[in-house]
Amino acid sequence: MKNYLLPLIGLFFAVSAQAASFTDGKEYISLEKPVASAPAALKFFSFYCPSCYQYDEVFEITDNVKKVLPADVKLTEYHVDFLGPLGQDMTHAWSVAMLLNVQDKVKPLLFDAVQKKQTIKTADDIRSVFISAGVSASDYDAAWNSFAVKSLTAKQQEMAKAVDLTGVPAIFINGKYMINPKGLKSDDLNAFVKNYADTVRFLISKS
């Protein structure tokens, strides 16, 4: 009987040790007011945010987070409108991307246009990026003026207020916890990225 218990005891201590390595106030922060309506995994970003560009296009943190999520959990990404001269237009355009399901196609192009080429000066420039990504002008215009996109834009804005968002990039888990990048391992880039993804994994399992 004791021989059967040993593996179980070992498993218990392994799980306990793993759980103890993540601390509220360090790797993550519990929200004072949980938001029950928030997606299980929610990320806020802005195309005008240099750190958001680094997270997505250089460090690939977003991709690593997606890899650790359970099969039934999708990372929902919302754009914020409090950064940049066309912040509100960008948020509306991101709603278009969500409605047309072309987020993966337009995101790198929009980041490139804003952060590297600096070619986004007007709403028409945003529209041109979508067209270059393969979205027809008629589909873009119809989506831009649709009630569905207006609702999605309002949803992004309301959720940012609900979680009391103060900066980006930011990831929230189950409307209860926010990842705290300042508390993550920073010995090197690989350690930081892994600690970030592991914290997300821990919080998903905790919830």
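Anyway, here's the lowdown on the structure attached to this text. This is a predicted model, so every value here is computed, not measured.

About the criteria used
Residues numbered from 1 in each chain as written. Predicted model: local features only at pLDDT ≥ 70, side-chain atom pairs only at ≥ 80, totals over all residues. Heavy atoms only, no water. Helix = DSSP H or I, 4+ residues; strand = E, 2+ residues; numbered from the N terminus. Buried < 20%, exposed > 50% of the residue type's maximum accessible area, 1.4 Å probe, protein only. Contact = heavy atoms within 4.5 Å. Phe/Tyr/Trp six-rings, centres within 6.5 Å; stacked < 30°, edge-to-face > 60°. Lys NZ or Arg CZ within 6 Å of the ring centre and 35° of its normal. Pairing = 2+ DSSP bridges. Axes fitted to C-alpha atoms, helices over the stretch in contact; angles between N-to-C directions. Arc of directions from axis to C-beta. Parallel < 35°, antiparallel > 145°, perpendicular 65-115°, else oblique. Left-handed = near helix turned anticlockwise from the far one by under 90°. Nonpolar A, V, L, I, M, F, W, Y, C, P; charged D, E, K, R; others polar. Salt bridge = Lys/Arg side-chain N within 4 Å of Asp/Glu carboxyl O.

Comments concerning the overall build of the protein
Argument step 1. A tally of regular secondary structure across the protein gives nine helices and five strands.
Argument step 2. Counting from the amino terminus, the protein carries its helices and strands in the arrangement α-β-β-α-α-β-α-α-α-α-α-β-β-α.
Argument step 3. Counting over 207 residues, the protein shows a buried share of 44%.
Argument step 4. Sequence separation of at least 24 residues holds for 75% of the intrachain contacts in the protein that already meet a minimum separation of 6.

Here's the deal with the packing of aromatic side chains
Argument step 1. If you walk through the whole model with that rule in mind, you get 16 aromatic pairs.
Argument step 2. Summarising the aromatic geometry, the rings of Tyr53 and Phe111 are spaced 5.8 Å apart at their centres and angled 65 degrees between planes, so their arrangement reads as edge-to-face. Here the residue Tyr53 occupies a position in helix H2 (residues 50-58), and Phe111 occupies one in helix H5 (residues 103-117), the gap between them amounting to 58 residues. One exposure class covers both Tyr53 and Phe111, and it is buried.
Argument step 3. When the ring of Tyr55 is compared with that of Phe192, the centres are 6.4 Å apart and the planes differ by 75 degrees; the resulting orientation is edge-to-face. A residue pair is termed long-range when its members are at least 10 positions apart, and Tyr55 in helix H2 and Phe192 in helix H9 (residues 189-206) qualify at 137 residues.
Argument step 4. We classify Tyr55 as buried; its relative accessible area is 11%.
Argument step 5. Following the ring pairs from residue to residue traces out a cluster consisting of Phe45, Phe47, Tyr53, Trp94 and Phe111.
Argument step 6. Just above the ring of Phe45 sits the side chain of Lys43; from NZ or CZ to the centre is 5.3 Å.

Side note on the sheet that holds strand E1 (residues 28-30)
Argument step 1. One open sheet accounts for five strands, arranged E1-E5-E4-E2-E3; its pairing is mixed. Because the sheet does not close on itself, it has two edges, and the strands there are E1 and strand E3 (75-79). In this sheet, adjacent strand axes meet at a mean angle of 25 degrees when their direction is disregarded.
Argument step 2. Packed onto the sheet, helix H3 (residues 61-68) meets strand E2 (41-45), E3 and strand E4 (170-173) and runs at close to 145 degrees relative to E3.

Here we look at H3
Argument step 1. Residues of H3 that are buried: Ile61, Thr62, Val65 and Val68. One side of H3 carries all its buried residues, which in axial view fall inside an arc of 125 degrees.
Argument step 2. Among the structural elements, E2, H2, E3, H5, E4 and H9 are those in contact with the buried residues of H3.

Details of the environment of Arg127
Argument step 1. Topologically, Arg127 is positioned in helix H6 (residues 123-132).
Argument step 2. Note on Arg127: relative accessible area 25%, which makes it partly exposed.
Argument step 3. Sequence separation between Arg127 and Ala137 is 10 residues; the distance between their C-alpha atoms is 7.8 Å.
Argument step 4. Those residues in contact with Arg127 that sit more than four places away from it in its chain are Ala137, Tyr140 and Asp141.

So, the packing of H5 against H6
Argument step 1. Two elements in contact, H5 and H6, have axes separated by 9 Å at closest approach and are oriented at 140 degrees. Classed by the angle they form, the pair H5 and H6 counts as oblique. For the pair H5 and H6, the sense of crossing is right-handed. For the pair formed by H5 and H6, the contact residues are Val106, Leu109, Leu110 and Ala113 on the first element and Ile126, Val129, Phe130 and Ser132 on the second.
Argument step 2. Class assignment of the residues belonging to the contact of H5 with H6 gives a composition of seven nonpolar, one polar and no charged.

Examining the pattern of salt bridges
Argument step 1. One pass over the full model with this rule turns up 11 salt bridges.
Argument step 2. Between Asp56 and Lys107 there is a salt bridge, with the nearest N and O atoms lying 2.8 Å from each other. Here Lys107 lies in helix H5 and Asp56 lies in helix H2, a separation of 51 residues in the sequence. Take Asp56 and Lys107: they sit in the same class, and that class is buried.
Argument step 3. Of the charged contacts in the structure, one is a salt bridge between Arg127 and Asp141, with a shortest N-O distance of 2.8 Å. Of the two residues, Arg127 sits in helix H6 while Asp141 sits in helix H7 (residues 137-144), which places them 14 residues apart along the sequence.
Argument step 4. Each member of the salt-bridge network shares a partner with another, and the members are Lys43, Asp56, Lys66, Glu77 and Lys107.

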